[in-house]
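Below are the chains, spelled out letter by letter.
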Amino acid sequence: MPRYKIAIIGGGISGLAAAYHLKHARHEFKIFEAAHNVGGNVRTLPLDVGGTSRWVDLGVNDFNKNSYTNLMRVFTQLGVEYAPLEDTISYSNIGPTGELEKPLIGFTMDGRWGPKPPEGVVRGTNMFGDAIKKFISEPPPGSRYWTVGEFVKWAQFPQDFIRLSLYPRINAMYFAGNIKPSEMPARQVAHYYFLQEGYGTRTKAERQYWVGGATKWIDKLAAYLQKDLPQVIFKGVKAQFEITQDRRIIVYTTPAGAPPDTKPQQEIFDKLILAVQARTIENTYSRKEQIPGTVKQVGKAISYEEDEVVVHLSTANMPPDPNTWRTYNINIFPDQDKGQRYNINYWINRHQNDSKNPSYNCQSSEFREHTYTPQYFLSLNPLNPIPDICRLKSQPYGNCTMFKFYHCRLNMDATKAQDYLVPLMMKGIDNVYFTGGYTKGAGLHEECWISGTEVAKHALSPSHQDPHQYRMPTDSSDVDEHVSHIAPEYMLDLI
Ligand SMILES: Cc1cc2nc3c(=O)[nH]c(=O)nc-3n(C[C@H](O)[C@H](O)[C@H](O)COP(=O)(O)OP(=O)(O)OC[C@H]3O[C@@H](n4cnc5c(N)ncnc54)[C@H](O)[C@@H]3O)c2cc1C
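Within each chain, residue numbers correspond to sequence positions counted from 1 in written order. Selection of residues for local features in this predicted model requires a pLDDT of at least 70, selection of side-chain atom pairs for listing and counting requires 80 or more, and totals for whole chains, interfaces and linings are taken over all residues.

A few words now on the overall build of the chain. Here a helix means four or more residues in a row that DSSP labels H or I, a strand means two or more in a row labelled E, and each is numbered from the N terminus. Scanning the chain for helices and strands turns up 14 helices and 20 strands. Put simply, a residue is buried when 20 or more other C-beta atoms lie within 10 Å of its own C-beta and exposed when 12 or fewer do; between those, it is partly exposed, and each C-beta is set from the backbone. Among the 495 residues that make up the chain, the fraction classed as buried is 46%. Once C-beta atoms are placed from the backbone, any two residues with those atoms within 7 Å are in contact. In the chain, 72% of the contacts between residues at least 6 apart in sequence involve partners at least 24 apart.

Ranked by size, the top nonpolar core spans 126 residues in total, and within it Ile-8, Ile-273 and Leu-274 carry the most contacts. Aside from chain neighbours lying at most four places away, what touches Leu-274 is Ile-9, Gly-10, Ile-281, Thr-284, Val-432, Tyr-433 and Phe-434. Here, a nonpolar core means buried Ala, Val, Leu, Ile, Met, Phe, Trp, Tyr and Cys residues linked by C-beta atoms lying within 7 Å of one another.

Ordered by their spatial adjacency, 3 strands build an open sheet running β11-β12-β13, and the pairing between neighbours is antiparallel. What marks the edges here is a single partner per strand, and that holds for β11 (237-243) and β13 (265-269). The average undirected angle you get between the axes of adjacent strands in this sheet is 25 degrees. Any two strands with at least two DSSP-identified bridges between them are counted as paired. Note that strand β12 (residues 249-255) and β13 share 5 bridges and pair antiparallel. Paired with Thr-253 across the strands is Gln-265, a residue of β13. For helices, the fitted axis covers only the stretch in contact; all axes are lines through C-alpha atoms, and the angles between them, taken along N-to-C directions, range from 0 to 180 degrees.

Right, let's get into unusual backbone geometry. One non-glycine residue, Gln-156, lies in the positive phi region at around 55 degrees. Looking at the secondary structure, you find Gln-156 in the loop between α4 (148-155) and α5 (159-171). In this structure, Asp-228 is a non-glycine residue whose phi angle is positive, near 65 degrees. With respect to the secondary-structure elements, Asp-228 resides in the loop between α7 (214-226) and β10 (233-235). On the neighbour-count criterion, Asp-228 (6 C-beta atoms within 10 Å) is exposed.

pLDDT is a residue-level measure of predictor confidence that goes from 0 to 100. The predicted model of the chain has a mean per-residue pLDDT of 86, with 85% of residues at 70 or higher. When the criterion is pLDDT under 50, residues 358-372 qualifies, and its contacts beyond four places in sequence or with other chains add up to 13 contacts. Scored below 50 in pLDDT, residues 468-485 shows 21 contacts in the model against residues more than four places distant or in partner chains.

Mapped onto the elements, Asp-493 comes out in the segment after α14 (489-492). Classification of Asp-493 by C-beta neighbours within 10 Å gives exposed; the count is 12. For the pair Asp-493 and Thr-201, spaced 292 residues apart in sequence, the C-alpha separation works out to 9.0 Å.

Attention now moves to the environment of Ala-222. By the secondary structure assignment, Ala-222 is in helix α7. For the pair formed by Ala-222 and Val-232, sequence separation is 10 residues and the distance between their alpha carbons is 9.5 Å. With residues near it in sequence (within four places) discarded, Ala-222 still touches Val-38 and Ile-233.

The next thing to look at is the site of the ligand. Placing the C-beta atom from the backbone, one calls a residue near a molecule or strand if that atom lies within 6 Å of it. Taken together, 35 residues surround the ligand, and among them Gly-10, Gly-12, Gly-40, Asn-41 and His-445 come closest. Listed by contribution, the elements that provide at least two residues to the shell around the ligand are α1 (13-24), β2 (28-33), β11, β19 (402-408) and α12 (445-460). Each residue belonging to the shell around the ligand can be placed in one class, and the counts come to 15 nonpolar, 17 polar and 3 charged. Asp, Glu, Lys and Arg are counted as charged, while Ala, Val, Leu, Ile, Met, Phe, Trp, Tyr, Cys and Pro are counted as nonpolar; the rest, among them Gly, fall into the polar class.

Another aspect to go through is α1. Here the expected length of a helix is defined as 1.5 Å per residue gap, with one fewer gap than residues. With 12 residues, α1 should cover 16 Å at 1.5 Å per step; its first-to-last C-alpha distance of 17 Å lies within 8% of that length. For α1, a buried count of 10 out of 12 residues is recorded, marking the element as mostly surrounded by other parts of the structure. Every buried residue of α1 is accounted for by Ile-13, Ser-14, Gly-15, Leu-16, Ala-17, Ala-18, Ala-19, Tyr-20, His-21 and Leu-22. Check the buried side of α1 and you find it contacts β1 (5-9), β2, α7, β14 (271-274) and α12. Once α1 finishes, Arg-26 follows within two positions and takes phi at roughly 60 degrees, a positive value.

The following block contains the structure:
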């Protein structure tokens, strides 16, 4: 088998997954990452809260030990430390302006201290796993492009479950943005609940966080990739490329933030793995006439939203009764199906914490007796802006604890693009192979890992068949009626 020299543009989890496979297969590779750290949407900040050293994950923060089967093998190999996350939820209708809506709704799913969930919510939650399992393993005819609205009708969930739990949760998901919950693609939402939260799987989810933050695992991975090799990771480097007549790849690199007239460095590679978000793919082609039609179509089908996350000390986004505070505190809007910007608040002390941290035990079930320990929060897409004075600062990131990130909207267009266009890109066009969160499902860590690995396999062996790929229809009439499974194999294995 020939030995290839392969460039990877983008050092997020998808690009690093591709590099991991190339290292194992003993091919030469270089990763070019525009930011000053690899990890992309993985970002952990060290913090000083009331004189104690703490940390917070601003982006990727948890995983399900029982369904992230590919990543678990890597964590074991690299000795990555993780610990159980207290996976608890509260819902309340603290309003978009921070004022309380009337009547006041608020409950905690575990019902320990706060009000218990309404009967319909409990019943719906109990029905949910079976409905997801059935929908994934024996999809009803014609359900491939069902909306969530069609799914809930089929599953006959109680109205309270839909209104007070399911739709608020969907609103609070990073991939929903301002899509109406009832218009989300049912398959994508079902896959998210299945993979991340274990609904419909053989084993209940065991959600974990990375001890010390998600960046710790990325650091271990980066060190492993670099081990015993000349420099392979180039940070703070913006890359573009061009395809030569004989289909080789010239990669042009400039230091990120350099003036536009800076002369780029160039290097020739046999192949390229492009591991950037779909919204920036076209910018990486230095000759626009080389952008393939499929890539342009995907660029149109997959849209992104910019959102922000803030670490702070303000309780204004939290339910009024501290006894109801949970790991995830989710907003119930007056009209659940309007397609509001999502809003979720994490209570950090019950979540992104380190069991070795001296304040950890003070934050557990005896919370009421230990209110002196500093509480801090993370608001994703805060609806009522957090005053600057309440924001926590972190020195290494220029005193900034606000992170703007982009996430692709997981709407029906994106779903169809994943089914029909993205597989062509993953198999490679002109020796360029495409991976990234936008290529598989909700782009969860495990899905990115699978995508990056598959793309590396395609790059090394053009005849490689992707075992996780959705089945492609042979003609348009095939789409709804003859698709036997709506789930990729790696998900069916978990049922
Ligand atoms: C807020 C949030 C929370 C999430 N939480 C979880 C979670 O808890 N668990 C989970 O499993 N998943 C989670 N996800 C999903 C997560 O997005 C993916 O797991 C993953 O981080 C996406 O990785 P990626 O490599 O595809 O893209 P990215 O992380 O976006 O990486 C792309 C990289 O390419 C670089 N780049 C772009 N253009 C260039 C260029 N021209 N030259 C060089 N470099 C370039 C960028 O700087 C970036 O580092 C979350 C996502 C978000 C947005």
